[in-house]
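Examination of the molecular architecture
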Amino acid sequence: MELTLKSARRSLDEIHAPLAVVGVWGGELSEEGRRLDIQHRGRLSRAMEALHFRGEFGETLLVSLEEGREPGFALLFGLGKKRGVSLETVRQAGARLVREVARLGFREAVAETFLAEKFGKREASYALAEGAFLGGYRWSGYKTEVRRAERLRLWLARSSGPAVARAEVVAEAVNYARNLVNEPPNILTPVELARRAEGMAQELGLQVEVWDEGRIQEAGMGAFYAVAQGSANPPRFIQLTYRPEGPAERVVALVGKGLTFDTGGYSLKPSESQITMKGDMAGAAAVLAAMRAIAKLKPPVEVRAYVAAAENMVSGRAYRVSDVLKSLSGKTIEVLNTDAEGRLTLADAITYADRQGAQAIVELSTLTGACVVALGEKVAGLFANDPRWGREVREAAERAGEKVWPLPLEEEYREMLRSETADLKNTHGRSRSAGAITAALFLSEFTEKPLAHLDIAGPAYSEKEHPLGPAGGTGFGVRTLVELLSRQ
Ligand code: BES
Ligand code: MN
Ligand code: ZN
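Only a predicted model underlies this, so the values are computations on that prediction, with no experimental measurement involved. What you see as residue numbers is a count from 1 along each chain, following the sequence as written. Labels follow written order: the first chain is A, the first ligand is 1, and so on. Local features in a predicted model are, by the rule used here, given only for residues with pLDDT of at least 70; side-chain atom pairs are given and counted only at 80 or more, and totals for whole chains, interfaces and linings are based on all residues. Computation of side-chain values: all heavy atoms of the structure, hydrogens and water removed.

A donor here means any N, O or S atom no more than 2.8 Å from the metal (3.2 Å for Na, K and Ca); water is not included, so a site may seem to lack partners. Donor atoms from the polypeptide that coordinate the manganese ion (ligand 2) comprise D262 (OD), D339 (O), D339 (OD) and E341 (OE), at 2.0 to 2.2 Å from the metal. Angle rules define the geometry names used: all angles between 85 and 135 degrees makes four donors tetrahedral, while opposite donors over 155 degrees apart and all other angles between 65 and 115 make four donors square planar and six octahedral, leaving every other case irregular. One way to put it: the 6 donor atoms around the manganese ion (ligand 2) meet at angles of 70 to 167°, and that makes the site irregular. The motif formed by the donor residues of the manganese ion (ligand 2), counted along the single chain, is D-x76-D-x1-E. Metal-to-metal, the separation of the manganese ion (ligand 2) and the zinc ion (ligand 3) is 3.1 Å; D262 coordinates the two. Of the two residues, D262 is situated in strand β10 (residues 251-262) and D339 in the loop between β13 (332-334) and α12 (342-355); the sequence distance between them amounts to 77 residues. The helix count covers DSSP runs of H or I at least four residues long, the strand count covers runs of E at least two residues long, and both are numbered beginning at the N terminus.

Below is the structure:
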């Protein structure tokens, strides 16, 4: 959908549009709704009574008003019961609202800023606008018969302009990440991912550097290179830097897993498990997208993004089980499973980020199926080697409305990664216990700096439509990163 949001200080009845949207909360019309009701001699309340409209969340009632005058229609939008509402309710209402208004065929409407009395104008405006931009997202896809995108111009009455502007920047970044995840893997190869990062950097004035396979090998990134060597599509190492104009408060590195496709390699995945593996670069997508928003919001922090982009394939050149790799850190790694490839690419990216002078690192990856078993498809696992940094990331996620839950970096399990032949092995081998934790412990071998690892294997990709968007890439993690690096 092509959505234009206009923030207005004026109240609902001072903005002329064919449709006015007002909230119904706890079975009652909002204040703006009551005002509209009085202006239209009780039409809204009469329709509510006649149809026993209670305003369960997402329920709507379209009421026809006087002909020849604007608004010609009112849409009553259910916000649910008084208890249990949160800013997430407002966000989801924004997403539903734009879809519903477009479905009814309106191209212009005015809506009140739902629950502004309860949450404050700024917070409510932000959540409603963010929800609207996220809910209006559609992936264009590759159907030869193109459907024209619906257009909608929506006024938000009595809203905060800066909050709506920020919401647009953040949601646009989330949708950018969604697009990257949704691209098919034959199109979004490591080379193409790097090309897009370069394009974005140029557009937004970020510093960018991309290494090809020769440079990756020369640098000594033996773990990353091994994963990539089986594919005819060469790897790329992508680095983006944002520098604030004034002095930087701190230097934070973002690292994203960038497997543009993960077949599992010789430890081949069954066919059904490969179906979502074009999304194995969702961590990279989140990191690049966050840089996009950061470049526009200009916080006083230096942010550096690193993506080791590769494809995990099978061929006569592919790495195999029992290979011993030399990582950039110097540590040697015995490969017990070629499907535990993400941690190998990340090991070198984390080492590099650390050596380049990061003071703290946040890393996002679709790392383990075990994390999906533990937390399901809605919640990411959070691991941190430093409690303060872990808390900071967790609180940012909470403010951003993304669900993360702490899991332990259990030291007693570290021995599960000890190898007879090398310094480490990449999996525990036959045992399937603590799969998400051992993966996180493996990553923690490559830096002593504060490291927060988000295992987003569950929430990065949605098989079905969800309250904030369609099936496919969700853009999970972008909102948390932006919140962490540029508090509202
Ligand atoms: N990309 C997968 C993890 C994944 C699984 C993401 C399901 C999204 C949905 C990762 O590279 C992987 O294959 N991990 C293995 C690790 C195992 C071999 C130790 C896994 O989780 O099975
Ligand atoms: Mn894998
Ligand atoms: Zn993977």
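Quick look at helix α6 (residues 161-182) now. Residues three or four positions apart in an α-helix share a direction because the helix packs 3.6 residues into each turn. End to end, α6 covers 31 Å across 22 residues, agreeing with the expected 32 Å (1.5 Å per residue, within 8%). The element α6 is largely enclosed, with a buried count of 16 among its 22 residues. Here, expected helix span is obtained from the residue count minus one, scaled by 1.5 Å. Each residue gets one of three labels from its accessible area relative to the maximum for its type: buried under 20%, exposed over 50%, partly exposed in between, using a 1.4 Å probe on protein chains only.

Cis geometry is adopted by the peptide bond preceding P71, which originates at E70 and carries an omega value of -5°. Secondary-structure assignment places P71 in the loop between β4 (60-64) and β5 (73-78). Phi is positive for R41, which is not a glycine, with a value near 50°. Residue placement: R41 occurs in the loop between α1 (31-39) and α2 (43-50). Of the residues examined, R41 reaches a relative accessible area of 55% and is grouped as exposed. Look at K298: it is not a glycine, yet its phi comes out positive at around 50°. By the element assignment, K298 lies in the loop between α11 (282-297) and β11 (302-312). When its relative accessible area of 53% is taken as the criterion, K298 is described as exposed.

By the criterion of burial, strand β15 (residues 380-384) is predominantly enclosed, with 4 of the 5 residues buried. Bridge analysis of β15 against strand β16 (residues 404-406) gives 3 bridges, and the strand direction is parallel. Following the sheet pairing, G381 is matched in β16 by W405. Every crossover in which the path from the first strand over the helix to the second runs clockwise, viewed with the strands pointing away from the viewer, is termed right-handed. Remark: the β15/helix α14 (residues 387-400)/β16 crossover connection has right-handed handedness. The pairing of β15 with strand β18 (residues 451-455) spans 4 bridges and is antiparallel. Residue pairing for β18: A384 is matched across the bridge by A452. Strands are treated as partners if at least two bridges between them are detected by DSSP.

For the rest of this paragraph, the subject is the site of ligand 1. Proximity is defined per residue: if any heavy atom of the residue lies within 4 Å of a molecule or strand, that residue is considered near it. In the region of ligand 1, 15 residues are neighbours, and K269, D280, D339, E341 and G369 sit closest. Contact between ligand 1 and K257: an oxygen atom at 3.1 Å from a side-chain N or O atom of the residue. Throughout this description, a polar contact denotes any pair of N or O atoms lying within 3.5 Å of each other; where both atoms belong to protein, one of them has to be capable of donating a hydrogen while the other can accept it, and for residues adjacent in sequence the pair is counted only when both atoms sit in side chains. Within the backbone of T366, a nitrogen or oxygen atom sits 3.3 Å from a nitrogen atom of ligand 1. Taken atom by atom, the bulk of ligand 1 overlaps the largest pocket. Tallied by class, residues from the shell around ligand 1 come to 3 nonpolar, 5 polar and 7 charged. Note on definitions: the grid is 1 Å and covers protein atoms alone; a cavity is a set of points where a 1.4 Å probe fits but cannot get out; a pocket is an open set with protein on both sides within 12 Å along at least five of seven lines; lining residues have an atom within 4 Å of a point. If over half the atoms of a molecule are within 2 Å of the grid points of a cavity or pocket, the molecule is regarded as sitting in it. Throughout this entry, Asp, Glu, Lys and Arg are counted as charged residues, while Ala, Val, Leu, Ile, Met, Phe, Trp, Tyr, Cys and Pro are counted as nonpolar. The remaining residues, Gly among them, count as polar.

A separate point is the sheet that holds β13. The strand order β12-β13-β17 describes an open sheet built from 3 strands, whose pairing is mixed. Looking at strand neighbours, the two that pair on one side only are β12 (324-326) and β17 (424-425), the edges of this open sheet. The sheet contact formed by β12 and β13 spans 3 bridges and is antiparallel. In the sheet register, K326 faces β13, and the bridge partner there is T332.

Now for the pattern of salt bridges. Each reported salt bridge corresponds to a side-chain nitrogen of Lys or Arg within 4 Å of a carboxyl oxygen of Asp or Glu. By the definition in use, this model includes 36 salt bridges. With a closest N to O distance of 3.7 Å, E483 and R166 form a salt bridge. Of this pair, E483 sits in helix α16 (residues 478-485) while R166 sits in helix α6; the two residues are 317 residues apart in sequence, bridging distant segments of the chain. Across the pair, R166 and E483 agree in class, each one buried. With a closest N to O distance of 3.7 Å, E203 and R292 form a salt bridge. Of this pair, E203 sits in helix α7 (residues 190-204) while R292 sits in helix α11, placing them 89 residues apart in sequence. Look at the salt bridges and you will find they share partners, linking D13, E32, R35 and R158 into a network.

On to α2. Those residues of α2 that sit buried are L44, A47 and M48. Taken down its axis, α2 places every buried residue within 100° of arc, on the same side. In α2, those exposed residues whose orientation departs by more than 90 degrees from the buried face are R46, E49 and A50. Turning to α2, the residues buried within the fold contact β2 (19-25), β3 (28-29), α1, β4 and β5. At the C-terminal side of α2, H52 shows a positive phi close to 50°. Along the arc lie the directions from the helix axis toward the C-beta atoms. Contacts were defined at the residue level, with two residues in contact if any of their heavy atoms lie within 4.5 Å.

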